[in-house]
Amino acid sequence: MKINYKRVWSLLLLALSTIIICYPRQSLSEFDYQKICFTAKQSTVKIFNSTSWGSGVLLSKGSSSDPSYFTYTLITNDHVLDEKASFVTVQTPDQQFYQALVLVRYFHAPDAGYDLAVLQFDSEKDYNIVSINDWDGQSQVLSTGIPLFSDPELSDEDGFLCSGLIGVSRYLEKEMMGGYQVGYSFGVRQGMSGGGIYDRFGHLVGINGKGRAVIAPAESYLYRDGTPVQQDLALAMPLETAQIILRESSWGISAQRVAYLLPSGLSLDKLDQKDSGC
């Protein structure tokens, strides 16, 4: 059998590019892992559309016009919603259903928007909201959401999926179309779009949205100005390796972008950036 050494070398470089050089604090005890996953689940909602569902994250809890209710604000991907939706049905972690108002949609065009949408609903229940943090550029992350098909190893009895610590394969200098910037080595499943990406402290650092697309041409990955991402990556690595990273990574939108875009007046639990521990 003839060995394709170029291919082997490219795959090796890809593997090395996903390794985070960090020491004991990068690992999580089973207790810490379960705690982060439990907390993330309490802030995750299922968002229904005409054919299936996506995920969303509760970001803010405020006062309602009725003092006995809270107004909750959540974030999801724009592509989770039907094209002309004004209201959508959401399901909270306690299996309650609410009609949520589509407050803002940020995806105006591929090169002039972000794959994000903000929703609001009122409830008497006291739900958990996330703490947002800037990703420190070093740490591994956990990807969460509610896939259409449960994973027998990673999903719980309610279908909520929480990955283990995964490597960030690439944090781009600029955002791609839709605002995607964080590439990571976990294969996001259908239904997890809009779910949270968390650091090892349990803080939200990004939003899922773009799963692996192994058969998609690398040329389809474009910066917001229309230039191909692979051209930049190929300056630091072989072109084939750059193409593999683009296609075989899942991609998320940073929490910094989410916080920047949210309507003014919302109260967020925004933390100072943590020390990476490296």
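Our structure's up above, just so we're on the same page.
None of these values were measured; they are calculated from a predicted model.

## What about the overall build of the protein chain?
Stage number 1. Helix and strand counts for the protein chain stand at 5 helices and 15 strands.
Stage number 2. The burial tally for the protein chain puts 51% of its 278 residues in the buried class.
Stage number 3. Partitioning the intrachain contacts of the protein chain with sequence separation of at least 6 by distance along the chain shows that 69% fall at a separation of at least 24.

## Some thoughts on the side chain of Ser55
Stage number 1. By the secondary structure assignment, Ser55 is in strand S2 (residues 53-63).
Stage number 2. Using a relative accessible area of 0% as the deciding quantity, one classes Ser55 as buried.
Stage number 3. A polar contact is formed between the side chain of Ser55 and the backbone oxygen of Gly191, at a distance of 2.7 Å.
Stage number 4. With residues up to four places along the chain from it excluded, the contact list for Ser55 reads Thr44, Val45, Ile47, Thr76, Gly145, Ile146, Gly191, Met192, Ser193, Gly194 and Gly195.

## Topic: the nonpolar core
Stage number 1. Judged by nonpolar contacts, the single largest core of 37 residues is most densely connected at Val57, Leu59, Ile75, Leu116, Leu204 and Val229.
Stage number 2. Within the residue set of this core, elements represented by two or more residues are helix H2 (30-42), S2, strand S6 (113-123), strand S13 (204-210), helix H3 (229-233), helix H4 (239-248), strand S14 (250-254) and helix H5 (255-261).
Stage number 3. For this core, the element with the most residues is H2, which contributes 4 residues.
Stage number 4. Excluding its chain neighbours within four sequence positions, the residues that come into contact with Leu116 are Ile75, Thr76, Asn77, Asp78, Arg105, Tyr106, Phe107, Ile253, Arg257, Val258 and Leu261.
Stage number 5. Of all hydrophobic cores here, the second largest spans 17 residues; its members include Val90, Tyr98, Val102 and Phe121.

## Section: the environment of Ala40
Stage number 1. Relative to the helices and strands, Ala40 resides in helix H2.
Stage number 2. Judged by relative accessible area, which is 2%, Ala40 ranks as buried.
Stage number 3. A C-alpha to C-alpha distance of 7.5 Å links Ala40 and Val130, two positions 90 residues apart in sequence.
Stage number 4. Contacts of Ala40, omitting those with residues within four sequence positions, involve Thr144, Phe160 and Tyr198.

## Brief notes about the sheet that holds S6
Stage number 1. Strands sit in the order S1-S2-S3-S6-S5-S4 around a closed barrel of 6 strands; the barrel is antiparallel. Within the sheet, the average angular offset between the axes of one strand and its neighbour, ignoring direction, is 40°.
Stage number 2. Summarising the sheet, strand S1 (residues 44-48) and S2 pair through 5 bridges and their orientation is antiparallel. Its bridge partner being in S2, Thr44 is matched across the sheet by Val57.

## Let's talk about the pattern of salt bridges
When charged atoms on two side chains of opposite charge get close, those side chains can pair.
Stage number 1. Counted according to the given criterion, the structure contains 8 salt bridges.
Stage number 2. The salt bridge partner of Lys41 is Asp158, with a shortest N-O separation of 2.7 Å. Here Lys41, found in helix H2, pairs with Asp158, found in the loop between strand S8 (142-145) and strand S9 (161-162); they are 117 residues apart in sequence, far enough to count as distant.
Stage number 3. Relative accessible area serves as the criterion here: at 13%, Lys41 is assigned to the buried category.
Stage number 4. Classification of Asp158 as partly exposed rests on a relative accessible area of 39%.
Stage number 5. Among the charged side chains, a salt-bridge network with shared partners connects Lys41, Asp156 and Asp158.

## Details of H2
Stage number 1. Here H2 is 13 residues long and its end C-alpha atoms lie 18 Å apart, about the 18 Å a rise of 1.5 Å per residue gives.
Stage number 2. The complete set of buried residues in H2 reads Tyr33, Ile36, Cys37, Ala40 and Lys41. Within H2, the buried residues cover an arc of 135° as seen down the axis, which keeps them to one side. Relative to its buried face, H2 has exposed residues pointing more than 90 degrees away, namely Phe31, Lys35 and Phe38.
Stage number 3. Those residues of H2 that are buried lie in contact with S1, S8, S9 and strand S12 (196-198).

## Some details on the state of the cysteines
Stage number 1. Counting across every chain of the model gives 1 disulfide.
Stage number 2. The disulfide partner of Cys37 is Cys162, and the gap between their sulfur atoms is 2.1 Å. A torsion of -70° about the S-S bond marks the disulfide between Cys37 and Cys162 as left-handed. Pair noted here: Cys37 is in helix H2 and Cys162 is in strand S9, with a separation of 125 residues, a long-range link.

## Considering the environment of Thr227
Stage number 1. With respect to the helices, strands and loops of the structure, Thr227 is situated in the loop between S13 and H3.
Stage number 2. Look past the residues within four positions of Thr227 in its chain and what remains in contact with it is Lys174, Tyr221 and Leu222.
Stage number 3. At 2.7 Å, the side chain of Thr227 forms a polar contact with the side chain of Asp225.

The rules behind the values
Residues numbered from 1 in each chain as written. Predicted model: local features only at pLDDT ≥ 70, side-chain atom pairs only at ≥ 80, totals over all residues. Heavy atoms only, no water. Helix = DSSP H or I, 4+ residues; strand = E, 2+ residues; numbered from the N terminus. Buried < 20%, exposed > 50% of the residue type's maximum accessible area, 1.4 Å probe, protein only. Contact = heavy atoms within 4.5 Å. Polar contact = N/O pair within 3.5 Å; in protein donor to acceptor, adjacent residues only side chain to side chain. Core = buried A, V, L, I, M, F, W, Y, C linked by side-chain atoms within 4.5 Å. Pairing = 2+ DSSP bridges. Axes fitted to C-alpha atoms, helices over the stretch in contact; angles between N-to-C directions. Salt bridge = Lys/Arg side-chain N within 4 Å of Asp/Glu carboxyl O. Expected span 1.5 Å × (residues − 1). Arc of directions from axis to C-beta. Disulfide = S-S within 2.5 Å.

In short, shape yes, function no, at least from these values alone.
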